[in-house]
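Descriptive analysis of the structure
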Amino acid sequence: MADESISGNLKDLSLNTNGAATKQSHLVVCFGEMLIDFVPTVGGVSLAEAAAFEKAPGGAPANVAVCIAKLGGSSAFIGKVGEDDFGHMLADILKQHNVDNSGMRFDHDARTALAFVTLTAEGEREFVFFRNPSADMLLRESELDVDLVKKATIFHYGSISLIEEPCRSTQLAAMDIAKRSGSILSYDPNLRLPLWPSEDAARSGIMSVWNLADVIKISEDEISFLTGADDPNDDEVVLKRLFHPNLKLLLVTEGSAGCRYYTKEFKGRVHGIKVKAVDTTGAGDAFVGGILKCLASDADLYQDEKRLRDALFFANACAALTVTGRGGIPSLPSQEAVQQTLTEVTA
């Protein structure tokens, strides 16, 4: 694997011009679920043992959208929440973080999704979801903001919206509109097995849209799950089982160790930044937000290994800072915080 040092041009990655035309042309539209995470105030305890919980906005696609905005980029969120206090709170949070929430819809009959997240002493997570059904599962194609989808430089999505109808058909329609409009399709499966009917259903559902994506981000655990327990560290496994002909960039996150990258021309690893983990919620989403923010303004990034490695180190810094706080959106870093970290580690 390539082992070139990260270049000294990292500061450029967190800067952004503020012109409206530039922001519009660099728009990342994120599609999927937004919910409330309830996180124990003390780590290393079960749900039953937790004395209190902190309420935190979350949901992977929404986390990515907020991360991009906090990094100075341009983002929008498309999804559905309940016509309830939590739903309106989530819409307001997006607005407060300068995320375009015009694509959000409100359901009068279903509630906003909730998730209780237990944390181990190491900050790893276990989920218990309340969505039977929740509003995010009920977004219909007729409610889709087609014009917003067409404006996307990057259209980002996960797999949770593929579990149930009508949201599955809505996501597939949005992906088709985005592709026809020239958008880069970005996919983070974000495996949550408790939400799927079975492991087989999860595997087939995630892979059903695999070959449509231009950019895919997965974790080591997801490699093992999708390939049938093959070695997630084996490049041949990744390239033969998961790299499809239309894919421009495949990214594998490795937690605090950093990430791996694969393109048609090259592959390599970029080291992470060591921090004291408090809660890993949102770390993968911060990584995705960091790399998509860079890719939105540099669409050929994956063709230049040096620029790509710089962007991935930037994304690793975003993820590292996120695990130092609790909850998804509340812990996402600002571009100033990322810049300070990059300056410190490259000094």
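Whatever comes next refers back to the structure up there.
The text that follows walks through the structure, step by step, so that each part is easy to find. (Residues numbered from 1 in each chain as written. Predicted model: local features only at pLDDT ≥ 70, side-chain atom pairs only at ≥ 80, totals over all residues. Heavy atoms only, no water.)

1. What to know about the packing of aromatic side chains
The cut-off we apply is this: Each pair of aromatic rings taken from Phe, Tyr and Trp, with Trp reduced to its six-membered ring, is defined by centres within 6.5 Å and is described as stacked if the planes are under 30 degrees apart, edge-to-face if over 60, and tilted in the remaining cases. Relative accessibility under 20% of the residue-type maximum defines a buried residue, over 50% an exposed one, and the middle range a partly exposed one, all with a 1.4 Å probe and only protein chains included. A ring is considered to have a charge above it if a Lys NZ or an Arg CZ atom is located within 6 Å of its centre and within 35 degrees of its normal.
Inspection of every chain in the model, using the stated rule, returns 10 aromatic pairs. Their ring planes at 75° and their centres at 6.2 Å tell us that Tyr 261 and Phe 266 sit as a pair that is edge-to-face. Looking at Phe 266, the relative accessible area reads 14%, which means it is buried. An aromatic cluster is built from Phe 31, Phe 155, Tyr 157, Tyr 187 and Trp 210, whose rings are joined through pairwise contacts. Sitting above the plane of the Phe 225 ring, Arg 203 keeps its charged end 4.3 Å from the centroid.

2. Description of the sheet that holds strand β4 (residues 74–82)
Selection criterion: We call two strands paired when DSSP finds no fewer than two bridges between them. Comment: elements are numbered from the N terminus, with helices defined as DSSP H or I runs of at least four residues and strands as E runs of at least two. Only the stretch in contact is used when a helix axis is fitted, and all axes are lines through C-alpha atoms; the angle between N-to-C directions ranges over 0 to 180 degrees.
Reading across the sheet, the nine strands line up as β5-β4-β1-β8-β9-β10-β11-β12-β13 and stay open at both edges, with mixed pairing between neighbours. Unpaired on one side and paired on the other, β5 (100–107) and β13 (267–271) mark the two borders of the sheet. Ignoring strand direction, the axes of neighbouring strands in this sheet form an average angle of 15°. Judged from the four bridges that link them, strand β8 (residues 154–157) and strand β9 (residues 184–187) form a sheet pairing that is parallel.

3. What about helix α11 (residues 335–346)?
How we decide: For a helix, the expected span equals 1.5 Å multiplied by the number of residues minus one. Each direction from the helix axis to a C-beta atom contributes to the arc, which is the arc of those directions.
Its 12 residues give α11 an end-to-end C-alpha distance of 16 Å, which sits within 8% of 16 Å, the value for a rise of 1.5 Å per residue. Among the residues of α11, Gln 335, Val 338, Gln 339, Thr 341 and Leu 342 are the ones counted as buried. For α11, the angular spread of buried residues about the axis comes to 165°, placing them on one side. Among the exposed residues of α11, those oriented more than 90 degrees off its buried face are Glu 336, Gln 340 and Glu 344.

4. Description of the side chain of Asp 84
Let me state the cut-off plainly: His is not counted, nor are the chain ends, whereas Lys and Arg count as positive and Asp and Glu as negative. Salt bridges are counted wherever a side-chain nitrogen of Lys or Arg sits within 4 Å of a carboxyl oxygen of Asp or Glu. Polar contacts, as counted here, are pairs of nitrogen or oxygen atoms within 3.5 Å of one another; within protein the pair requires one atom able to donate a hydrogen and one able to accept it, and residues that are adjacent in sequence qualify only if both atoms are side-chain atoms. Note on contacts: a residue pair qualifies if any of its non-hydrogen atoms lie within 4.5 Å across the two residues.
Looking at the element boundaries, Asp 84 is found in the loop between β4 and α3 (85–96). Despite being buried, Asp 84 has no salt bridge partner; Arg 111 is the closest side chain of opposite charge, sitting 4.2 Å away. Polar contacts involving the side chain of Asp 84 include one to the main-chain amide nitrogen of Gly 87, which spans 2.7 Å. Discounting chain neighbours no more than four positions away, the residues touching Asp 84 are Arg 111 and Thr 112.

5. Remarks on the nonpolar core
Note on soluble globular proteins: their nonpolar side chains tend to be buried together. Definition in use: To define a nonpolar core, start from buried Ala, Val, Leu, Ile, Met, Phe, Trp, Tyr and Cys residues and group those joined through side-chain atoms within 4.5 Å.
Within the largest apolar cluster, 59 residues are counted, with the highest numbers of intra-cluster contacts made by Ile 291, Leu 292 and Leu 312. The contact partners of Leu 292, leaving out residues within four places of it in the chain, are Val 28, Val 64, Ile 68, Ile 154, His 156 and Ser 186. In this structure, Ala 152, Leu 191, Phe 225 and Phe 243 belong to the second largest nonpolar core, which totals 42 residues.

6. Some thoughts on unusual backbone geometry
Cis geometry marks the peptide bond from Asn 132 to Pro 133, where omega comes out at -10°. With respect to the helices and strands, the residue Pro 133 is situated in the loop between β7 (125–130) and α4 (146–150). Note that the residue after Glu 165, namely Pro 166, is joined by a cis bond; omega there is 5°. Within the element layout of this structure, Pro 166 appears in the loop between β8 and α5 (167–180).

7. Observations regarding the environment of Gly 79
Mapped onto the fold, Gly 79 is located in strand β4. Once the C-alpha coordinates of Gly 79 and Phe 106 are considered, the two residues, 27 residues apart in sequence, prove to be 8.8 Å apart.

8. Some details on the pairing of strand β11 (residues 249–253)
Taking burial as the measure, the five residues of β11 include five buried ones, the bulk of the element. Alternating positions in β11 separate into two faces, Leu 249, Leu 251 and Thr 253 on one and Leu 250 and Val 252 on the other, with burial throughout. Inspection of the sheet shows β11 paired to strand β12 (residues 258–262) by four bridges, in the antiparallel sense. Note that in β12 the partner of Val 252 across the bridge is Arg 260. The loop that links β11 with its antiparallel partner β12 comprises four residues; one of these, Gly 255, has a positive phi angle of about 65°.

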